[in-house]
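Reading the structure
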Amino acid sequence: MGRGRHKVLYQETFVFFFLEWYTRDKERHNLIVYRAKEGCIMAHKVICINRRCGSGGHIIGEMVAKELGIKYYDKNLLELALEYGGLDQTKAFENADEKATNSAFYRLQYNGNDKVEKGKPATETLFQLQKDLMREITSKEDCVIIGRCGDYVLDPDEVNFISVFVTAPFDDRVAHIMDNNHLNKRQAIVLTKKIDKRREDYYDFFTKRDWKDAKNYDFVLNSSALGYEKAAKLLINFYKDIM
């Protein structure tokens, strides 16, 4: 496929998803316009990115945050959430990050400050702390949030956010995992499937939504078709010109 055709596809993708976003979220859009006309403090702008393993969603998120000069939250949300709840960073919490509750993680927590609901498993304790922390962060600043059900926990009446799902063909994702983790193909296939399943179970458990369903997102981006730079540019332009 020629470069011109890629450019057309990129433009068509941007226009399609803008129209889809505007149609689905017209009420939220009108509220933002009303607040601006009335001189209200504008809600902060947030880009929430869910991603398949090996799709480069975190890379795109980092590129967007760097270009826009806004904060980027991913694995650092674990440490920040534990600090927020007055908890030590133990192996139990490290293993609970972006994982659904099951018997393996059903270790009840009775420590922490008044932000921690006592008697909950590590997974649910961490989810609640990250949820409260994300709401506090986005009330103060624009940012990019990777995973952690950000698109579910944020209130559209209080935060101007878009939800993004980054994917790519399975073989391309496996190749990415092979290169970045120095694995053979068989190992990379196992790891890719395992992480996808973990993220799906986590999202479905806490949101009661289908992680894979495109209707749950404003944008679904194929990072192999667009490339990281064009995918990031699309989100940057949307942030600057439309949000």
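What comes next is a walk through the structure.

Reading the values: rules and limits
Residues numbered from 1 in each chain as written. Predicted model: local features only at pLDDT ≥ 70, side-chain atom pairs only at ≥ 80, totals over all residues. Heavy atoms only, no water. Helix = DSSP H or I, 4+ residues; strand = E, 2+ residues; numbered from the N terminus. Buried < 20%, exposed > 50% of the residue type's maximum accessible area, 1.4 Å probe, protein only. Contact = heavy atoms within 4.5 Å. Areas by Shrake-Rupley, 256 points an atom, 1.4 Å probe, with all protein chains shown as cover. Phe/Tyr/Trp six-rings, centres within 6.5 Å; stacked < 30°, edge-to-face > 60°. Lys NZ or Arg CZ within 6 Å of the ring centre and 35° of its normal. Polar contact = N/O pair within 3.5 Å; in protein donor to acceptor, adjacent residues only side chain to side chain.

A separate point is the overall build of the protein. Helix and strand counts for the protein stand at 11 helices and 7 strands. Across the 243 residues in the protein, those meeting the buried criterion constitute 47%. Pairs at least 24 residues apart make up 70% of the contacts formed inside the protein by residues separated by at least 6 positions. Accessible surface, the protein: about 12,900 Å² in total, of which carbon and sulfur atoms supply 50%.

So, on to the packing of aromatic side chains. Following the criterion strictly, the structure yields 8 aromatic pairs and no others. By the ring-pair criterion, three or more aromatic residues cluster together here, those being Phe127, Tyr202, Phe205 and Phe206. Here the basic side chain of Lys115 rests over the ring of Tyr84, its NZ or CZ set 4.9 Å away from the ring centre. Above the face of the Phe205 ring, Lys208 is positioned so that its terminal group lies 5.0 Å from the ring centre.

What follows is about the side chain of Asp151. With respect to the secondary-structure elements, Asp151 resides in helix α7 (residues 150–153). Given a relative accessible area of 6%, Asp151 falls into the buried group. Side-chain polar atoms of Asp151 contact the side chain of Tyr203, separated by 2.7 Å. With near-sequence residues (within four places) excluded, Asp151 lies in contact with Cys48, Asn50, Phe161, Ser163, Tyr203, Arg209, Asn216 and Tyr217.

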